[in-house]
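# Architecture and fold: a report
Chain by chain, the residues run as shown.
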Amino acid sequence: MAEESSHEIDMLLGRMKSATSPLREILRELHSRLSGNHAGTVADYIPELATANPNSFGLALCTADGQIVEVGDCGTQFTIQSVSKPFMFGLAIEDHGVDHVLTKVGVEPTGEAFNAIVLDEVSNRPYNPMVNAGAIATADLIQGKDYPERVKRMVDLFSKFCGRDVFVDNSVFMSERLTGHRNRAMAHLMRNFGMMGERFEEALELYFQQCSILVTAHDLAIMGATLANGGVNPITKTRALQSENVKYLLSIMMTCGMYDFAGEWAFRVGIPAKSGVAGGIVAVVPGVLGIGLYSPRLDAKGNSVRGVEACKELSQRFGLHAFESHFSGEKLMDLFALKRGR
Ligand code: GLU
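Below or above, wherever it landed, is the structure these notes cover.

The rules behind the values
Residues numbered from 1 in each chain as written. Predicted model: local features only at pLDDT ≥ 70, side-chain atom pairs only at ≥ 80, totals over all residues. Heavy atoms only, no water. Axes fitted to C-alpha atoms, helices over the stretch in contact; angles between N-to-C directions. Helix = DSSP H or I, 4+ residues; strand = E, 2+ residues; numbered from the N terminus. Left-handed = near helix turned anticlockwise from the far one by under 90°. Contact = heavy atoms within 4.5 Å. Pairing = 2+ DSSP bridges. Near = heavy atom within 4 Å. Polar contact = N/O pair within 3.5 Å; in protein donor to acceptor, adjacent residues only side chain to side chain. Areas by Shrake-Rupley, 256 points an atom, 1.4 Å probe, with all protein chains shown as cover. Buried < 20%, exposed > 50% of the residue type's maximum accessible area, 1.4 Å probe, protein only. Salt bridge = Lys/Arg side-chain N within 4 Å of Asp/Glu carboxyl O.

Okay, the packing of helix 8 (residues 181–192) against helix 9 (residues 200–211) next. Two elements in contact, helix 8 and helix 9, have axes separated by 10 Å at closest approach and are oriented at 145°. By crossing handedness, the relation of helix 8 to helix 9 is classed as right-handed. Contacts between helix 8 and helix 9 involve Asn183, Arg184, Ala187, His188 and Arg191 from the first element and Phe200, Glu201, Leu204, Glu205, Tyr207 and Phe208 from the second.

As structure tokens, then:
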């Protein structure tokens, strides 16, 4: 009898779960199907990154009003790497205004690799803030009376976006600064052209630190949702960025966020996004939601293989492409509304 009623309760709970969370089922199916994709390789040019579990895979969605649905390894920590770049660009804009920032770093996509040692020949600026040279020039712009204060402002920025205190992974940071010779070369080149000031070595350190912040797929979804919500974290209600500056992050993500795949990404997926070499991707559907992904196996362009596939499918299935004009399929927000029982 007791067994029978506990069986009934399990059945009921099972029914409730699937009835209240159709979106979770969709994501679960996507997650389990893509888990079978073992293509790509974990980055190892920063030795510490090679220690990641290649099978980890987390997929999280967070709406602009703070509802979260996630599947897989969404609590696994990894370093944010280049996903940090648009956020630091935002902080530099808040510190100096967009016009001054653009005297130091351009906003043109480049067909070059993210770590190319190249500057615009006319202006001596790095091409954009998503390539390493541009991100180092951006780090140089972060204000603070001394280095600790600059680091604190950077950490506070990511803490506001994530809605919790974030920390730097010291072993990755040390690994980056010991092996970051190309990044050093870029900083020296920019110093040579007077594009970076006296504190250029500090800017490099700050850049290595920002790349080594530990996040999860859950965090990335909330960071994306914060941008989708005009700069206010929808969970904590704390403002992380002025709303008038959000568009600058999103447009640079749309044009330059996915390494040398940025053009095809904008064409096929049509969602502003940024990926990093540890395997994270943040994607933003403005006004709607943020998507956080983690899977460390990268394709030849440096993007997470499963992350790219997941975004392609989500974009197609739910008509998330920015330039979608007559989508008649399933509405993603209706599924969230169902979850809340509205
Ligand atoms: N810290 C990495 C580097 O400087 C970031 C690269 C990336 O994620 O694209 O090489």
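So much for the structure itself; the text now carries on.
Two pairing modes exist for strands in a sheet, parallel and antiparallel, and in both the strands are linked by backbone hydrogen bonds. Spatially, 3-2-8-7-6 is the arrangement adopted by the 5 strands of the open sheet, whose pairing is antiparallel. Sheet topology places strand 3 (68–72) and strand 6 (273–275) at the edges, where each strand pairs with a single neighbour. Within the sheet, the average angular offset between the axes of one strand and its neighbour, ignoring direction, is 10°. Looking at chain direction, strand 7 (residues 280–285) and strand 8 (residues 289–294) are connected through 6 bridges and run antiparallel. Note on strand 8: the bridge partner recorded for Gly280 is Tyr294. Sitting on the sheet, helix 10 (residues 217–228) touches strand 2 (58–63), strand 3, strand 7 and strand 8, and the angle it makes with strand 8 is about 155°.

Looking at the ligand, there are 13 residues lining it, with Tyr45, Gln81, Ser82, Glu176 and Tyr259 nearest. One of the side-chain N or O atoms of Glu176 is found 2.7 Å from a nitrogen atom in the ligand. Contact with the protein chains covers 98% of the free accessible surface of the ligand, which is 300 Å².

Positionally, Asp44 belongs in the loop between strand 1 (41–42) and strand 2. When its relative accessible area of 54% is taken as the criterion, Asp44 is described as exposed. Sequence separation of Asp44 and Met258 is 214 residues, and the distance between their C-alpha atoms is 19 Å.

Let us now look at the pattern of salt bridges. Enumeration over the complete set of coordinates arrives at 13 salt bridges. The salt bridge partner of Glu313 is Arg33, with a shortest N-O separation of 2.7 Å. Residue Glu313 is located in helix 13 (residues 305–318), and its partner Arg33 is located in helix 2 (residues 22–35); the two are separated by 280 residues in the primary sequence. Assessed through its relative accessible area of 39%, Arg33 is described here as partly exposed. With a shortest N-O distance of 2.8 Å, Asp156 and Lys152 are connected by a salt bridge.

This paragraph deals with unusual backbone geometry. Phi at Asn124 takes a positive value of approximately 65°, unusual for a residue other than glycine. Within the fold, Asn124 resides in the loop between helix 4 (98–104) and helix 5 (132–141). A positive phi angle, close to 55°, is found at Tyr259, a residue other than glycine. Secondary-structure assignment places Tyr259 in the loop between helix 11 (243–256) and helix 12 (262–268).

This part covers the pairing of strand 2. Sheet faces and side chains relate simply in a regular strand, where the side chains alternate between the two faces. Where burial is concerned, most of strand 2 is hidden: 6 out of the 6 residues are buried. Alternating positions in strand 2 separate into two faces, Gly58, Ala60 and Cys62 on one and Leu59, Leu61 and Thr63 on the other, with burial throughout. In this sheet, strand 3 lies alongside strand 2 in antiparallel orientation, the contact comprising 5 bridges. Within the sheet, the bridge partner assigned to Leu59 lies in strand 3 and is Val71. Joining the antiparallel neighbours strand 2 and strand 3 is a turn of 4 residues, in which Gly66 adopts a positive phi near 90°. Across 6 bridges, strand 2 lies against strand 8 in antiparallel orientation.

Time to look at the environment of Arg177. The residue Arg177 is located in helix 7 (residues 170–179) in this model. Linking Arg177 and Gln209, residues 32 residues apart in sequence, is a C-alpha distance of 9.0 Å. Beyond its immediate stretch of four places on either side in the chain, Arg177 contacts Arg184, Glu205 and Phe208. Of note is the side chain of Arg177, whose polar atom sits 3.1 Å from the side chain of Glu205.

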